[in-house]
Every structure is written in C-alpha cells, then in structure tokens.
Amino acid sequence: MTREPGSREGLDERAVLLAAGLADLAVTTLGSGIGLVRGLLRRADAAEVAAEAERDLEARGRLVLDRYLAPSPAHLEVLARHARARRAADGG
C-alpha cells in the first residue's frame, strides 16, 4: 500500500486510512462510554452519581460562558476604582 508521497493515489489512500482510523477511534470511545454507563447504572448510588455529574456539567458550562461571553473589566478601570476607594477610605 505504499505510494509515492504527494501523488493523487497516495493522498486518496491517506484520506481513507485517516477516516478508517477516526472511525475506529469513535467506535472504541463509544464502546468504552457504553461500558461506563452500564457500570454506573448497576451502582446503588446511581441517582447521586447522576446528580453530581449534572452539577459538574452546570459548573463547567458556567465557566465556559463566563470565559467567552463576559468581557473582563479593563485593567486600568479596575486600578482607578481601587485608587478611588482608597482615597475615599483615607478621607481624601
């Protein structure tokens, strides 16, 4: 299955090999995930594990939204607020 690098046949072959490898990885990951879910369903505390997973996903979602949607305050604005608060606290 060896072809000259850069040839059209070589690129097609490489694309097929990459697709096959990706499909194998997806099937393996899916199989592992199904085994994990089956193991969790057999546990006596499955409801608690599910609730904990839900809380974890909510926290992760909140972090992602905070990271990408909320703009961080301007650095100089924060410094100005601290300086203003210090002056007010010092009576000046």
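Residues numbered from 1 in each chain as written. Predicted model: local features only at pLDDT ≥ 70, side-chain atom pairs only at ≥ 80, totals over all residues. Heavy atoms only, no water.

(A) Here's a closer look at the overall build of the protein. Check the secondary structure of the protein and you find three helices and zero strands. The order of helices and strands in the protein, counted from the N terminus, is α-α-α. Considering the protein as a whole, with its 92 residues, one finds that 2% of them fall into the buried category. About 8400 Å² of surface is accessible on the protein, with carbon and sulfur atoms providing 61% of the total. (Helix = DSSP H or I, 4+ residues; strand = E, 2+ residues; numbered from the N terminus. Buried < 20%, exposed > 50% of the residue type's maximum accessible area, 1.4 Å probe, protein only. Areas by Shrake-Rupley, 256 points an atom, 1.4 Å probe, with all protein chains shown as cover.)

(B) Looking closely at helix H3 (residues 75-90). Over its 16 residues, H3 runs 23 Å from end to end, which matches the ideal 22 Å to within 8%, given 1.5 Å per residue. Of the residues trailing H3, Gly 91 is marked for its positive phi of about 85°. (Expected span 1.5 Å × (residues − 1).)

(C) Region of interest: the pattern of salt bridges. Applying the stated criterion across every chain, the model contains three salt bridges. Across the pair Asp 45 and Arg 43 runs a salt bridge, and its minimum N-O distance is 2.9 Å. On the accessibility criterion, Asp 45 (26% relative accessible area) is partly exposed. Note that Asp 56 is salt-bridged to Arg 60, the shortest N-O span being 3.3 Å. Taken as a pair, Asp 56 and Arg 60 lie in helix H2 (residues 46-68) at a separation of four residues, close to a single helical turn. (Salt bridge = Lys/Arg side-chain N within 4 Å of Asp/Glu carboxyl O.)

(D) Examining the confidence of the model for the protein more closely. Here the protein averages 83 in pLDDT, and 89% of its residues register 70 or above. Of all helices and strands in the protein, the one with the weakest mean pLDDT is helix H1 (residues 8-41) (85), whereas H3 scores best (90). (pLDDT = per-residue confidence, 0-100.)

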